[in-house]
There are 2 protein chains.
Amino acid sequence: MSTIQTLKTKLPKAALLASMAALPFMQSCDMGDRATAQASMMSSDAASKVYVEPGKHDELYGFLSGGYNGQVSVYGIPSGRLLKIVPVFTQHAENGYGYSEESKAMLNTSFGNVPWDDLHHPKLSRTDGQTDGRWLFVNGNNTPRIARIDLSTFETVEILEIPNSAGNHCSPYPTNNTEYVVAGTRFSVPINTDGTPAEAGLDEYKEKFRASLSFIKVDKESGDMNLDFQIMMPGFDYDLANGGKGPSEDWIFFTTYNTEKAGTLKEAGASQNDKDFLAAVNWKLAEKYVKEGKAKEMPANYYHNKLDKNSHIAKSEVKKSVRFLDPADCPGMVYLIPVPKSPHGIDTDPSGEYMVVSGKLASVIPVHSFSKMQKAIKDKDFIGDVAGIPILRYESVLHAEVKEPGLGPLHTEFDGKGNAYTSMFVSSEVVKWSLKDFTVLDRIPVYYSVGHLVIPGGDTKDPYGKYLIAMNKITKDRYLPTGPELAHSAQLIDISGDKMKLLLDFPTVAEPHYAQVIHADKVAPRSVKFYELEKNSHPHAVKKESEARVERKGNVVRVYQTAIRSHMTPDNIEGIHVGDTVYFHVTNLEQDWDVPHGFAIMGATNAELLIMPGATQTLKWVPTRPGIFPMYCTDFCSALHQEMQGYVRVSPKGVNTPLKYYTGEQKPAL
Amino acid sequence: MSTIQTLKTKLPKAALLASMAALPFMQSCDMGDRATAQASMMSSDAASKVYVEPGKHDELYGFLSGGYNGQVSVYGIPSGRLLKIVPVFTQHAENGYGYSEESKAMLNTSFGNVPWDDLHHPKLSRTDGQTDGRWLFVNGNNTPRIARIDLSTFETVEILEIPNSAGNHCSPYPTNNTEYVVAGTRFSVPINTDGTPAEAGLDEYKEKFRASLSFIKVDKESGDMNLDFQIMMPGFDYDLANGGKGPSEDWIFFTTYNTEKAGTLKEAGASQNDKDFLAAVNWKLAEKYVKEGKAKEMPANYYHNKLDKNSHIAKSEVKKSVRFLDPADCPGMVYLIPVPKSPHGIDTDPSGEYMVVSGKLASVIPVHSFSKMQKAIKDKDFIGDVAGIPILRYESVLHAEVKEPGLGPLHTEFDGKGNAYTSMFVSSEVVKWSLKDFTVLDRIPVYYSVGHLVIPGGDTKDPYGKYLIAMNKITKDRYLPTGPELAHSAQLIDISGDKMKLLLDFPTVAEPHYAQVIHADKVAPRSVKFYELEKNSHPHAVKKESEARVERKGNVVRVYQTAIRSHMTPDNIEGIHVGDTVYFHVTNLEQDWDVPHGFAIMGATNAELLIMPGATQTLKWVPTRPGIFPMYCTDFCSALHQEMQGYVRVSPKGVNTPLKYYTGEQKPAL
């Protein structure tokens, strides 16, 4: 590590940028040294600590964001085994998500049906500041959206679009009882409160571009989201957020960068100022202002998509307005705290007293004090304001600075035992430091360029300080090579003792940014094994084979089909013609765990369906040529699964082949 | 296991079907017993045997089919870690596959652009009967296709549609020097050799439905595929295939079921006959007949899609005819061998003498002898024919029957040490038996309902008898629950000793059917780290920032953009109007390993791009409303990745905003 360590002192900006550019080279040069370093950091019984015996279960669920795959990956911890990919913002042909008639609406936005997004931050719902295992909230970064996953079914059940936002990055952070999840814009954009198209010249960036922070109310019982209000903010870039706890639980904090308002080449332009800001928002007070009628209404156009739990059909509602608060009219609601330039993570410790801000280009980690902040507010210890938002004095809010932590601090989590752990992107290490005296206690190299890190509950009042997972941005030689495109990589670290010990490298799907880790016993008992056929309220469900049928109205044909081991009913259909629109409404009649049936038909310009027991899913098919089209079950369901197949005859347009359907001799031709 | 074992004797068909239907119930009742059984089967040092120390590499690559996700999953063995998902037949928004302008054509078929398929069988290319690590061939089951993955880049480089086929299941099996890969239809369909639409009444199934086996020539140097000829076969269902070796290497074998030609309720209808057939095809002789002009030409319409390795652009060619052989005209080319009803796997042992056929409903595993088959052919020891194809006498070709192997045999692989291993779906076990005396030597329970199994090289002349992977169809309680939809599950078994020992359970992506496992040293050295920018022949590539630009022709706008840490050029674009068609041609200028850049623009009804170093990828965007649209790099590439962003201004139609683009001060506005 020596080469990297020598860079760890306070560097002028130019040198720091140069060191970052050179890093990949340094990493390769340095591999020998780093490997030696690693060996001494390994746990001697790592193999047995991560091995989960066949048939036994992992201790924890890890919910890792999929980043540019738009999904959530569920891992077993400590084994690092991928248990499931939950489709959220991205089409998932594997089970028909985003392709089936039921799920398509989930991806509706004001821009159209958007088949992809960039999912950065999963956050578990909380009760009394602790994860409760009910829901997982996640953000869509590209087309601003927040989604909710129900952890009883591991399904995305709700997606809410966020207006007046672009690059929905500092999202979705919950308050301590999930009263709200908040979302913030990363990119400032023109916002016209009269509803006219928000277009402006790019040379008007400094004057016309603004930002919004969104407060989404969460229903205590159902989890349903509702965009309660927005706060209009100066046109900075808002990067990350986190809520307070205990004394600070009425507050939520956002890091900002590009307070320079550089509209181009931000790489250099957004790194000019020595300090950017931490925006501190009193959400309780904001809520009060809204209740008092201080919010104004503006036209807006955004989608709210919900999955009905009985019919399993997603429906969109188009919202037409949003209310907003202007901080200049709302005294005491927002303050700006100077922080080292280009900050990334803001993390509050379990006590709620400390706000730790990681400045990507900073050589120290400032730890701000909530009580000092309150005093500074009371004392009006301001050094100025931005658009009516008071700026507090850095020194008055600062509690301590962690010195020489490493290069490129990004994120901090806590172990509940008085320690903090910060990821160092540039020097590729995790650094453990004390919340008592703010000195560095330990450091462990990671491979390579760690982004976020996570400790189970490490962002809550009640961390479980046994494991830490480092999610690394560069993989290179860590696994067998797979061509130019590599998996990202996570590392599991034992933090139960004084010294951190490396346990396991595990490759991850797409690009995990943040993650949440939770004890299995908070989630597993909620898990549903199948859907009750009795409760299936899908309008095209058939609950008995005897009700299976085919109906034609004009050129729309509906196949009311059932699937059960090992046949589908009907399995032979004639009388479909080129140009018809055919809907296969397939109901899986099974009522047992782990017996999905799949459905596919040859040549469909669509995905398959994967139908869970008790559910109905629909595939739309418009045949374009005559012929015989086999259909079959795509999920090996039984010894005679290969026999679970049938045919559809498609006749040329204009030829009158009568409608006829049957399965064996059970249902004679009509 | 006692409950299950008692069913292991020869059961009448009805009882056997009943036992299969009851199986999931039996499994749950039996879990206690099975757990005890498992404990005794565990390797005592399993943890250390599967643990791969951080930074060390797995010994083997495992290529598991993704089944209904249409992709290939690459696992490290023995760790069971998922190293990569290679998109093949299915859109993969994560890297833009099937969405980008370059890759879209890869999914073209005669039915249209098909965004999904069901991928069952990966097969590695072979030289002299051994895997050579060059290419991986895979089948698309639903819309008949064969794809080739290049193992130097882990990319799908070619997809060939198969005409006259439906349910392309017994595919793609290579000959010993990859002269051919073969593909066979699972579902019989009408085939009109005059090119008229092959439509028929479903009640004409027995008379009009036929099958084809396809022989795809593989270019020795480039790997390029070409559909050389088809053999027209009786209208059975063709299930699985495998080639001979050594003495039998001129032959390839296909299992058939539904020789009853039941067109409906195949679950029962296709299980009437006591015997179905193994079709033995002399491909060398077929090739000779084709060269002698015996093949007839018929009109056909199928797509052949190839990725150009320098431009990285996929292009489709539409083929208009195919030649075919009729076995009745080609003496000695095809024979039918009776086998127990409803066979699934056909596997030839490393010596090439034995053909092992697994009858799903059979109580024995018949082992046929190639030399006996040759003698029977020579002696014309036929018991009849089907459409001119001679049927050999079962007893004359049979070498031995493995007695009491278990219930529901599906597939067999070999360890190269004189042993065979067969998967038992119904009794959920792997059974090891001797190729010397054909007795059962060992059995190990698996969890639950194993489909395929794989041994590294276990289907070749040169198996590596250290590991076996069982790919199980039912998961239930094996991992932490994830709602109704569960991962499938694989089990790694140590077969290096006399007794099989269970090492590891690992969940798998979608539904692995078959897999290939190969020594890392046959693949890793070929792996390319990035694409050479110099060789990039994409017509819209820009290789220097100074060449980056935006051009308009009518309402088509092309952005010739570059990406390099940590900015894109241009990063500000004005003069785009609602209704324009905008192409972002993004070239990644990096020339280092593991530095992809991503590209996304807000609200695009498209996926992202993930651009490998040296490559160019294109996102098509048609803005539908005015506004400011941020674009950004989606793959955390550097410390200032968050600053790698820019804006596009979209003006209303009819407003004349002039074209203007820049990045910082490097490129002033034009």
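Criteria and thresholds
Residues numbered from 1 in each chain as written. Chains lettered and ligands numbered in written order. Predicted model: local features only at pLDDT ≥ 70, side-chain atom pairs only at ≥ 80, totals over all residues. Heavy atoms only, no water. UniProt positions renumbered as here; feature names shortened; annotations may be inferred. Contact = heavy atoms within 4.5 Å. Buried area = accessible area lost by both parts, 1.4 Å probe. Salt bridge = Lys/Arg side-chain N within 4 Å of Asp/Glu carboxyl O. Polar contact = N/O pair within 3.5 Å; in protein donor to acceptor, adjacent residues only side chain to side chain. Helix = DSSP H or I, 4+ residues; strand = E, 2+ residues; numbered from the N terminus. Least-squares fit on C-alpha atoms with pLDDT ≥ 70 in both. Pairing = 2+ DSSP bridges. Axes fitted to C-alpha atoms, helices over the stretch in contact; angles between N-to-C directions. Buried < 20%, exposed > 50% of the residue type's maximum accessible area, 1.4 Å probe, protein only. 1 Å grid on protein atoms, 1.4 Å probe; cavity = no way out; pocket = protein on both sides within 12 Å on 5 of 7 lines; lining within 4 Å. Points joined across faces, edges and corners; volume = space filled by probe spheres on them.

- Labelled according to an unreviewed UniProt entry, chain A appears under the name Nitrous-oxide reductase, originating from Cesiribacter andamanensis AMV16.
- As its UniProt record puts it under Subcellular location (unreviewed entry), chain A is described as follows: "Cell envelope".

1. Thoughts on the interface of chain A and chain B
One widely used convention gives an interface's size as the accessible area the parts lose upon coming together.
Point 1. Taken together, the contact pairs 160 residues of chain A with 160 residues of chain B.
Point 2. Buried surface at the junction of chain A and chain B, summed over both partners, amounts to about 13500 Å²; 59% is from carbon and sulfur atoms.
Point 3. Applying the counting criterion to the chain A and chain B interface returns ten salt bridges.
Point 4. Applying the counting criterion to the chain A and chain B interface returns 76 residue pairs in polar contact (both at pLDDT 80 or more).
Point 5. When residues in the side of chain A that touches chain B are grouped by element, the largest group, six residues, is from strand β34 (residues 501–508) of chain A.

2. Topic: the relation of the copies chain A and chain B
The operation linking the two copies of the chain is a rotation about an axis combined with a translation along the axis.
Point 1. The transform that puts chain A on chain B rotates by 180° and translates by 0.0 Å along the axis, for an RMSD of 0.0 Å. Such a combination of rotation and displacement between the chain copies is what one expects of a two-fold axis. Ranked by how close their C-alpha atoms come to the rotation axis, the residues of chain A are headed by A:Ala47, at 2.9 Å.
Point 2. A shared binding surface is used by both copies, with 100% of the interface residues of chain A retained as interface residues in chain B.

3. Focus: the sheet that holds strand β29 (residues 429–434) of chain B
Residue and element names in this part refer to chain B.
Point 1. An order of β27-β28-β29-β30 is seen for the four strands of this open sheet, with the pairing classed as antiparallel. Edge positions in the sheet fall to β27 (409–414) and β30 (440–445), since each of these pairs with one other strand and no more. On average, each strand axis in the sheet is tilted by 20° relative to the strand beside it, whichever way the strands run.
Point 2. Bridge count for strand β28 (residues 419–424) against β29 is six bridges, and the pairing is antiparallel. Looking across to β29, one finds that Ser423 is bridged to Val430.

4. What to know about helix α7 (residues 283–291) of chain B
Residue and element names in this part refer to chain B.
Point 1. All of the buried residues along α7 are Trp283, Leu285, Ala286, Glu287, Tyr289 and Val290.
Point 2. On its buried side, α7 packs onto β11 (180–184), β13 (209–218), β14 (225–233), β16 (251–257), β17 (275–282) and β19 (314–325).
Point 3. Its side-chain oxygen 3.2 Å from the backbone nitrogen of Lys284, Asn282 forms the N-cap of α7.
Point 4. Within two residues after α7, Gly293 carries a phi angle of roughly 90°, on the positive side.

5. What about empty space enclosed by the protein?
Point 1. In this structure the tally under the stated criterion is 14 cavities of 30 Å³ or more.
Point 2. There is about 530 Å³ of room inside the largest cavity.
Point 3. Around the largest cavity, the lining comprises 39 residues; the ones closest to its centre are A:Gly80, A:Arg81, A:Leu82, B:Gly80 and B:Pro507.
Point 4. Mapped onto the lining of the largest cavity, the elements with two or more residues apiece are α4 (46–50), β3 (81–86) and β34 of chain A together with α4 (46–50), β3 (81–86) and β34 (501–508) of chain B.

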